[in-house]
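Notes for the structure review
If you want the building blocks of each chain, they are given just below.
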Amino acid sequence: MSKLEVNAVSKSFGDNEVLRDVSFSISDGEFVSLLGPSGSGKSTLFRIIGGIAQPSSGTVKLDSKEITGKPGSISYTPQSPSLMPWRTILNNVLLGQEITGSRDEHKALEMIERAGLKGYENSYPHELSGGMKQRVSFIRSMLSPQGLILLDEPFSALDEFTRLDMQKWLLSIWELYQRSILFVTHNIEEALFLSDRIIILSAKPASVKKEFIIPFKRPRDERILLSEEFLQWKKVIYEEMRQQDVSVDY
Amino acid sequence: MRSFLQKGWRPILVIVLLLLGWQLSTIILQIPEWLLPSPTQIVREAITGWSIFSGHITSTIQLIFIGFIIGSSIGIFVAIALHLVPILREAFYPLIIISQNIPTIVLAPLLVIWFGFGMLPKIIVITLVCFFPITIALLDGFRQSDRDLKHYMQMAGATNRQIFWKLEWPHALPALFSGLKISATYSVLGAVISEWLGASEGIGVYMTLASSSFRTDRVFVAIFIIVILSLLFFGIILLLEKGLIKWKPKEERERHE
């Protein structure tokens, strides 16, 4: 059964067509990446999935229930860590639960410890490094009661080494908690390493260009990054994206 | 205290040199006391005249306090109302700006005509000078809340009320305090101006009496007391801010990095 179903979603702002007939789905516990050039209407798509913007046509369903234009069903992790500077790490992490449910400090502390942030529960965000803040932001989503997590280029601001560490960490947490994730990136390698499935979006107006099922077995080892098969995949996807003449991180 | 001395010795030195220059020039140039009294004469007057003066000070402090509390409450209330109701903001924002272009000195006699010599016109004057910096600062603070966080909260199903109390209000607190600091000093000025127009007691009254009888030394005593009161008031707000805002606002953090 699919968790999220996006059916023929289109969106225009006046003459400016941003999304054209976008359809895809995500199964329960699946990790799906949306790969597309920057400025291809991903944030518009996110706002529509998140229910804070209405599509011009099409529907969004979660667990077979229509959620078009209805917020509250999705946990969104923005590109910047977006923590509240006046809240401690513990209280930041609990924000998602506060909005729709009740605070579960015990589980939050457990997650903070698992994220390697033990001892920082009562620190403020400005005392943490970029990677740590991003982890806090991700824990906040994992703790939220919503079943689907939207990750909006969460690692784009990090350096290459921190980035790989964060990707491995993200996979380990995800494998443990098995949530459905929609991950947006314009980095092919990142998408390949993390996802079960990659959906390639075309440039403006965005529409689904192609879908690839990524066969690497889980749990994933960083050694696959250097394997022949991985490079083959990278080439295939790169070719696919180059046809539409867009610049991507290669 | 030590760090204060380390940072503060330069301005203190300038002030001391200034007073010294003042003192010397009044002696050398033989300026008559009614024209420009020397600092020592002013200090002497402040000490000998204290018994007359202290009553005026307490009356003014009381006025500042009441006026500031009413003025800042109205400022906060107006900012919240304008922020939460966009129609109100569109309708009233320009009016608030215009209201600040009417000089208080011009408005004050009118208030006396309408409301007499009691407490009310004075509080209106202080409120008028107080609420503006607070409203503007707070509105900016509300509006500059993190957009990503707002989207996150909206998608998670947060109500407008939750967004206001959990995101916008705490985000605007540092802005509120910068507004309060400006208003604190304005309110001292507002109180003195309102007392010029007609009061039985207060620093403003003392000042008009002193200047009309050419007691320049007393005018200077009044000026110094006003400055000290402003600084004191500013300091109280600063302490409150330090107690309430334990996290570092973004701008400050970026400056340190």
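What you are looking at is a predicted structure, and each value in this text was computed from that prediction instead of being measured. Starting from 1, residues in each chain are numbered consecutively following that chain's sequence as written. Chain labels run from A onward and ligand labels from 1 onward, assigned in the order the entries are written. Note on the predicted model: pLDDT of at least 70 is required for a residue's local features to be given, and 80 or more for side-chain atom pairs to be given and counted; whole-chain, interface and lining totals, by contrast, use all residues. Excluding hydrogens and water, the side-chain figures rest on all heavy atoms present in the structure.

Our next topic: the layout of surface pockets. Residues and elements named next belong to chain B. Taken as a whole, the second largest pocket spans an internal volume of roughly 460 Å³. Segments assigned H or I by DSSP are reported as helices when at least four residues long, segments assigned E as strands when at least two residues long, and all are numbered from the N terminus. Those elements that provide at least two residues to the lining of the second largest pocket are α1 (2–28), α2 (39–48), α3 (50–84) and α10 (216–244). Broken down by element, the lining of the second largest pocket gets its largest block of residues, six residues, from α10. Broken down by class, the residue content of the lining of the second largest pocket amounts to 17 nonpolar, no polar and no charged. Note on definitions: the grid is 1 Å and covers protein atoms alone; a cavity is a set of points where a 1.4 Å probe fits but cannot get out; a pocket is an open set with protein on both sides within 12 Å along at least five of seven lines; lining residues have an atom within 4 Å of a point. Grid points are joined across faces, edges and corners, and a volume is the space filled by probe spheres set on the points. Three classes are used, and their members are as follows: Ala, Val, Leu, Ile, Met, Phe, Trp, Tyr, Cys and Pro are nonpolar, Asp, Glu, Lys and Arg are charged, and the others, Gly among them, are polar.

Attention now moves to the environment of Asp 28 of chain A. Mapped onto the elements of the fold, Asp 28 of chain A is located in the loop between β2 (16–27) and β3 (31–35). Separated by 152 residues in sequence, Asp 28 of chain A and Ser 180 of chain A place their C-alpha atoms 5.6 Å apart.

Here we come to empty space enclosed by the protein. The method is simple in principle: a probe with the dimensions of a water molecule rolls over the atoms, and the space it marks as empty is what remains. Throughout the structure, instances matching the rule amount to two cavities of 30 Å³ or more. By volume, the largest cavity amounts to about 50 Å³. What lines the largest cavity is Thr 77, Gln 134, Phe 138, Leu 151, Pro 154, Phe 155, Met 166, Trp 169 and Leu 170 of chain A. Broken down by element, the residue count for the lining of the largest cavity peaks at three residues, all from helix α6 (residues 160–177) of chain A. For the lining of the largest cavity, the class distribution of residues is seven nonpolar, two polar and no charged. When its volume is computed, the second largest cavity comes out at roughly 50 Å³. Lining the second largest cavity we find Ala 108, Leu 111, Val 112, Gly 116, Phe 117, Pro 121, Lys 122, Val 125, Ser 194, Leu 197 and Gly 198 of chain B. Mapped onto the lining of the second largest cavity, the elements with two or more residues apiece are α5 (104–115) and α6 (119–143) of chain B.

Feature annotation in UniProt places "domain: ABC transmembrane type-1" (unreviewed entry) on residues 57–238 of chain B, given in this structure's numbering. The annotated region residues 57–238 of chain B carries 87% helix and 0% strand content, and the separation between its end C-alpha atoms amounts to 22 Å. UniProt positions are given in the numbering used here, feature names are shortened, and annotations may be inferred rather than shown by experiment.

Residue and element names in this part refer to chain B. Per the UniProt entry, the sites bearing "transmembrane region" (unreviewed entry) are residues 12–31, 63–85, 92–117, 123–142, 175–199 and 219–240 in this numbering. Structurally, residues 92–117 comprises 77% helix and 0% strand, and the distance from its first C-alpha atom to its last is 30 Å. Helix makes up 100% of residues 123–142 and strand 0%, whereas the separation of the span's terminal C-alpha atoms amounts to 27 Å.

Residues and elements named next belong to chain B. You can see Thr 60 is positioned in helix α3. Note on classification: 1.4 Å probe, protein chains only; a residue is buried when its accessible area is under 20% of the maximum for its type, exposed when over 50%, partly exposed between these limits. Overall, Thr 60 belongs to the buried group, its relative accessible area being 0%. The spatial distance from the C-alpha of Thr 60 to the C-alpha of Glu 201 is 7.8 Å, given a sequence separation of 141 residues. Contacts are assigned to residue pairs that have any heavy atoms within 4.5 Å of one another. Here Thr 60 is in contact with Ala 191, Glu 195, Gly 202 and Ile 203, once residues within four sequence places are set aside. In protein, a polar contact requires one atom able to donate a hydrogen and another able to accept it; more generally it is a pair of N or O atoms within 3.5 Å, and residues adjacent in sequence count only if both atoms are side-chain atoms. A polar contact of 2.7 Å, which involves the side chain of Thr 60, links it to the backbone nitrogen of Ile 203.

Pairs were defined over the aromatic rings of Phe, Tyr and Trp, the Trp ring being its six-membered one, requiring ring centres within 6.5 Å. Orientation was assigned from the angle between planes: stacked under 30 degrees, edge-to-face over 60, tilted for the rest. Evaluation of the coordinates by the stated rule reveals 19 aromatic pairs over all chains. An angle of 50° between the planes, with centres 6.0 Å apart, marks the rings of Phe 155 of chain A and Phe 183 of chain A as tilted. Taken together, the residues span a long stretch of sequence, with Phe 155 of chain A in the loop between β7 (148–152) and α6 and Phe 183 of chain A in strand β8 (residues 180–185) at a distance of 28 residues. Classification of Phe 155 of chain A by relative accessible area gives buried; the value is 3%. Geometrically, the ring pair formed by Phe 212 of chain A and Trp 233 of chain A is edge-to-face, given 6.0 Å between the ring centres and 85° between the ring planes. Here Phe 212 of chain A, found in strand β10 (residues 208–213), pairs with Trp 233 of chain A, found in helix α8 (residues 228–242); they are 21 residues apart in sequence, far enough to count as distant. For the pair Phe 212 of chain A and Trp 233 of chain A, a shared accessibility class is recorded, and that class is buried. Taking NZ or CZ as reference, Arg 135 of chain A lies 5.9 Å from the ring centre of Trp 169 of chain A, over its face. Between the NZ or CZ atom of Arg 140 of chain A and the centre of the ring of Tyr 152 of chain B, over which it lies, the distance is 4.2 Å. Charge-over-ring contacts are defined here by two conditions on Lys NZ or Arg CZ: a distance within 6 Å of the ring centre and an angle within 35 degrees of the ring normal.

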